[in-house]
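Listed below are the residues making up each chain.
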2 protein chains.
Amino acid sequence: MRLSKFHLATVKEVPADAEIASHQLMLRAGMIRKLASGLYTWSPLGLRVMRKVEQVVREEMVRAGAVEMLMPSVQPRELWEESGRWEKFGGQLLKMKDRKEQDYCYGPTHEEVVTDFARNELKSYKQLPLNFFQIQTKFRDEIRPRFGVMRAREFLMKDAYSFHLTPESLCETYDAMYEAYSRIFTRLGLAFRAVDADTGAIGGSASHEFQVLAEAGEDALAFSDASPYAANIEKAEALAPAGERPAPLAALMRVDTPTQRSIDEVTAFLGVPANQVLKTILVRGREGLVALCLRGDHELNEVKAAHLPELPGESELASEADILAATGTRPGFIGPVGLPTSIPVIVDRSAALLADFVCGGNQEGMHYTGANWERDARIDRVADLRNVVDGDLSPDGKGHIRLGRGIEVGHIFQLGQKYAEAMGAGVLDDQGKMRTMYMGCYGVGVSRIVAAAIEQRHDDAGIIWPEAMAPWRVAVCIINPKNDPAVAEAAESLYQALSQAGIDTVLDDRGLRPGPMFADMELIGIPHRVVVSGRGLEAGTFEYRARTDTEARNVTREALFTLLG
Amino acid sequence: MRLSKFHLATVKEVPADAEIASHQLMLRAGMIRKLASGLYTWSPLGLRVMRKVEQVVREEMVRAGAVEMLMPSVQPRELWEESGRWEKFGGQLLKMKDRKEQDYCYGPTHEEVVTDFARNELKSYKQLPLNFFQIQTKFRDEIRPRFGVMRAREFLMKDAYSFHLTPESLCETYDAMYEAYSRIFTRLGLAFRAVDADTGAIGGSASHEFQVLAEAGEDALAFSDASPYAANIEKAEALAPAGERPAPLAALMRVDTPTQRSIDEVTAFLGVPANQVLKTILVRGREGLVALCLRGDHELNEVKAAHLPELPGESELASEADILAATGTRPGFIGPVGLPTSIPVIVDRSAALLADFVCGGNQEGMHYTGANWERDARIDRVADLRNVVDGDLSPDGKGHIRLGRGIEVGHIFQLGQKYAEAMGAGVLDDQGKMRTMYMGCYGVGVSRIVAAAIEQRHDDAGIIWPEAMAPWRVAVCIINPKNDPAVAEAAESLYQALSQAGIDTVLDDRGLRPGPMFADMELIGIPHRVVVSGRGLEAGTFEYRARTDTEARNVTREALFTLLG
């Protein structure tokens, strides 16, 4: 591509309403332009990048045995009534009426349509398993669209839906998709993690999110520094430190803590570290109150607590009145020693390893020191109650936990029979019996990947594309072409040779001065820059600089082809 | 592709609601499935064909210098208010409100959005000319969607929009698009014509439609049998037959035609051919009535008549009362001889060459024979007033006119300044002066091409794809694979070899009997069928049949590769 025939329109100013780096850089590079809230036009530059992502996604889906199809974006209300989501999907569903006053929506996802397709097309188990995918425009009417294409309303998505006779077959395809997604993000050159995730509104049994790691990510992640283990903070299993609980050494002692209620106040007042103080939280149980005990330096994970059998499926703090009624004291002074036996004591794994700890005395203005489990306080159950913290042991036994943030770019689900049952999608098995199919669904946010990659890979000068996503791998820049035809000719010849070698190259023949030209190439993130100048021609070299290099260097033509080959 | 891993679902029954061949065959071949009125899912088979069309379109657009971009499908009302089309576009515009009660539409076309993009992005004449294109989903809320994807509501379109400083530059790009479109349809292997067309609702100055020729087409076309000349019937110029008007031989005679009013009645009664009878039609002029004279065997073209300076811009027949008042007689007996001089006599080119003709006598129950222009009747103007007929001279002087029907699959327009002016899209010229841009727009109905090709190319057995559009060029069919592993192995090896030679091949490994297998391959229109059987293996040959052949023949492996290469 010759840049003089292309529409490149970079912008110097940082746009005022762009909050994160990827949004700012996509606007400055001229990759996208806003049409309306959450609606973006992809310029020729932006589309080149998105098409490269799209092609990698398509190739890996096909390699994994999926077949491509294309469903309409406009979907009739009737199907959404069948699945029960016409109302339940909420405000994100953009609804409309056609000229005959029939109700439709702009598809935010295609479970209903594909299940309808499958129930009409699939008759026999012999046709299974099948995995259909499409790369298609979706619309979700976000309350607050922001961050450019990261959270746009109209976006490009790859969605796939698989159909199976058995849960085992579903698992096989799910695993194949897990592998395909891993290959996609590896090929795209992105640091990512596959994260065990909640199934949320889509429903179903198992689910993994694929997260591109980036500081601006919306999701808090825990991952191992020595294995592929990763999970959302809400789901990451917290292990106790290695080793056994020490034997009690200290005697149980009452200490006055007249106004010290919080962990910070108690540790400061008594001069003990927070990891030697027990935090006791009273929550509403199925019957009466329940005590949850954690180390003072740990945070309660409410999702985990809500799964305790003693709790009613959610984790709600007890009111001060309830606490007073049940224990005779106020919050801030509660502890397991001498707690009424009607209140179950559930202890986090790490807290269960404490010995000689500090805890509330169940009396206003009083704590215990030298408290010990069993000897002084009962444990009704040990459970994983807390959020993981940096440095925890990884639950897969390999390495330690690190915390970070991620941007969700892919999500795979085992839907089970949820949609197939609601919509009556079955096939005949080998006994001639009708069987409801099992389904999986597998999404990739194609347009979002573009923004996520920029969040992960940029510097002050602009975007740093991985090779697989760059609009062009190589930029050939011409210095002073008008006054030096030999330079223009040499650049043209180099451009032709690179292109013929299958290297995706752009020729910057716009005639800009070196400063603005180089700034543009850095801003739009071209991985390799080659400068053709009069001085270089005399020396028989080109000036080469990788986007990630700090210095340019002079290389011969042969060396250049070796570098780029 | 191995068909056992693909989802092929052909259907035997002709669907009841499918009226035309392409709709029937696309459903029977399982290329599309109806989701709702005018909404179709493209199955894997259908999408393979559409993607091939899309790719040819993309390649030719890029070759012609256009750059690809992507605009949102959902568009804000404000832009459509600016162009004045929010109301004017009519019921085809699918409107919707988002959760904030803002008005949007699903884009049926993108003049507004691209003009908005251009007015923000383009500042200087140096950036021009530019031609942006996208391949994107559109929606038009047709009153009566029908014929499958031929007139669907949601469809895939390639739309391009060019921007220029001058009308000359617009003409250059328009010509380049004309050539690109010609290459597209030639590469796709379709018989087509580029037709001079009305600009209609889109507006602008010049326009051509690209029509795929097919009997089921909605548009009546006239085209030369010896040149590329083609036009819609409404616009096709009708020439007079070669030669001069003969000198008068007969005397003007009154004949009684008591009840003979129509051309058919008069010719039967008098025993003269229709092309010797003059038909005189009185229409409303700007002032009083106007007489339009045509040969009895010709039809008035109302579009041409409406352009006459004597008419008020439309062609409306005079009422019987007006005719009686102006001529003293009734319709059926009107003629130019002795017509009041207040009524201009406008004569079609062919009618102007008549001599010794029959015409109405301007008196009830009376005609003239032996009438002659100049001697008996005045001619105020000779004009092209009629529809062309089969056998007319082609207006470009090459060959004769043939009539046929076409399906519009492409349309190019010179929009001029219509949208740029309404929306204030200008650039600075080399004098620093703001100049409104000139625009062209260029559409291809990508999904419609698939149906149009089938209309043009099918037989009783199914679709006959041109090579460039076929889902696969070659089908390798296996006879009796289960009982004859050598056959399965030979077929697999042939399939691999063909694929590696870059020949798009499908292996029919479904294990069907020959009858249903061959019927499927014919129905889905694969251009080349190769059968691997035990008998063939013994003889060292494969059975080959082109889709258009009547008989199969045995060929060696070498001959096969030569055939398909």
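Residues numbered from 1 in each chain as written. Chains lettered and ligands numbered in written order. Predicted model: local features only at pLDDT ≥ 70, side-chain atom pairs only at ≥ 80, totals over all residues. Heavy atoms only, no water.

Colleague: Just give me the short version of a negative patch on the surface, but keep the residues and values in it.
Modeller: Among the surface-exposed residues, Glu168, Glu172, Asp175 and Glu179 of chain A lie close enough to one another that they form a single negatively charged patch. Relative to the assigned elements, Glu172 of chain A resides in helix α6 (residues 167–187). (Patch = residues over 30% accessible without salt bridge, like charges linked within 9 Å, V, L, I, M, F, W, Y side chains within 5 Å. Areas by Shrake-Rupley, 256 points an atom, 1.4 Å probe, with all protein chains shown as cover. Salt bridge = Lys/Arg side-chain N within 4 Å of Asp/Glu carboxyl O. Lys, Arg positive; Asp, Glu negative; His and termini not counted. Charge placed at Lys NZ, Arg CZ, Asp CG, Glu CD. Helix = DSSP H or I, 4+ residues; strand = E, 2+ residues; numbered from the N terminus.)

Colleague: Kindly report on the interface of chain A and chain B, identifying the contributing residues and their values.
Modeller: Chain A puts 55 residues into the contact, and the matching count from chain B is 55 residues. For the pair chain A and chain B, the summed buried area comes to about 4,400 Å², and 60% of that belongs to carbon and sulfur atoms. Of all residues in chain A, His7, Leu35 and Arg99 of chain A give up the largest surface area on contact with chain B, accounting jointly for 16% of the area buried on that side. Along the contact surface separating chain A from chain B lie 6 salt bridges. The interface formed by chain A and chain B holds 24 residue pairs in polar contact (both at pLDDT 80 or more) in total. (Contact = heavy atoms within 4.5 Å. Buried area = accessible area lost by both parts, 1.4 Å probe. Polar contact = N/O pair within 3.5 Å; in protein donor to acceptor, adjacent residues only side chain to side chain.)

Colleague: How would you sum up the packing of helix α1 (residues 21–28) of chain B against helix α11 (residues 446–456) of chain B? Please name residues and give values.
Modeller: The packing of two helices is summarised by the inter-axis angle and the distance between the axes. Residues and elements named next belong to chain B. Remark: α1 packs on α11, axes separated minimally by 8 Å, with the N-to-C direction vectors making an angle of 110°. Overall, the two elements α1 and α11 adopt an arrangement that is roughly perpendicular. Of the residues in α11, those in contact with Ala21, Ser22, His23, Leu25 and Met26 of α1 are Val450, Ala451, Ile454 and Glu455. Class assignment for the residues of the contact of α1 with α11 results in 6 nonpolar, 2 polar and 1 charged. (Axes fitted to C-alpha atoms, helices over the stretch in contact; angles between N-to-C directions. Parallel < 35°, antiparallel > 145°, perpendicular 65-115°, else oblique. Nonpolar A, V, L, I, M, F, W, Y, C, P; charged D, E, K, R; others polar.)

Colleague: Got a sec to walk through the domain arrangement of chain A? Specific residues and values, please.
Modeller: Residue and element names in this part refer to chain A. Looking at the assigned domains, one finds that chain A contains domain 1 (3–237 + 403–454), domain 2 (253–383) and domain 3 (472–564). Here domain 1 and domain 2 have C-alpha centroids that lie 43 Å from each other. Contacts between domain 1 and domain 2 engage 4 residues on the former and 4 residues on the latter. When domain 1 packs against domain 2, close to 330 Å² is buried across both sides, 38% of that on carbon and sulfur atoms. Here domain 1 is connected to domain 2 by 1 salt bridge. Between Glu237 and Arg349 there is a salt bridge; the shortest N-O distance is 2.9 Å. Linking domain 1 to domain 2 there are 4 residue pairs in polar contact (both at pLDDT 80 or more). (Domains from an automatic or database assignment.)

Colleague: Run through the pattern of salt bridges, naming residues and quoting values.
Modeller: Residues and elements named next belong to chain B. In total, this model carries 102 salt bridges over all chains according to the counting rule given. A salt bridge links Arg58 to Glu54; the nearest nitrogen and oxygen atoms lie 3.2 Å apart. Pair noted here: Arg58 and Glu54 are both in helix α2 (residues 44–63), with a separation of 4 residues, about one helical turn. By relative accessible area, Arg58 is classed as buried at 15%. Taking relative accessible area as the criterion, Glu54 reaches 9% and is therefore assigned buried. Put simply, Asp196 and Lys235 hold a salt bridge, and the shortest N to O gap is 3.9 Å. You can see Asp196 sitting in strand β9 (residues 192–196) and its partner Lys235 sitting in the loop between β12 (230–232) and β13 (253–256), a full 39 residues away along the chain. The class for Asp196 is partly exposed, based on a relative accessible area of 35%. Overall, Lys235 belongs to the partly exposed group, its relative accessible area being 35%. (Buried < 20%, exposed > 50% of the residue type's maximum accessible area, 1.4 Å probe, protein only.)

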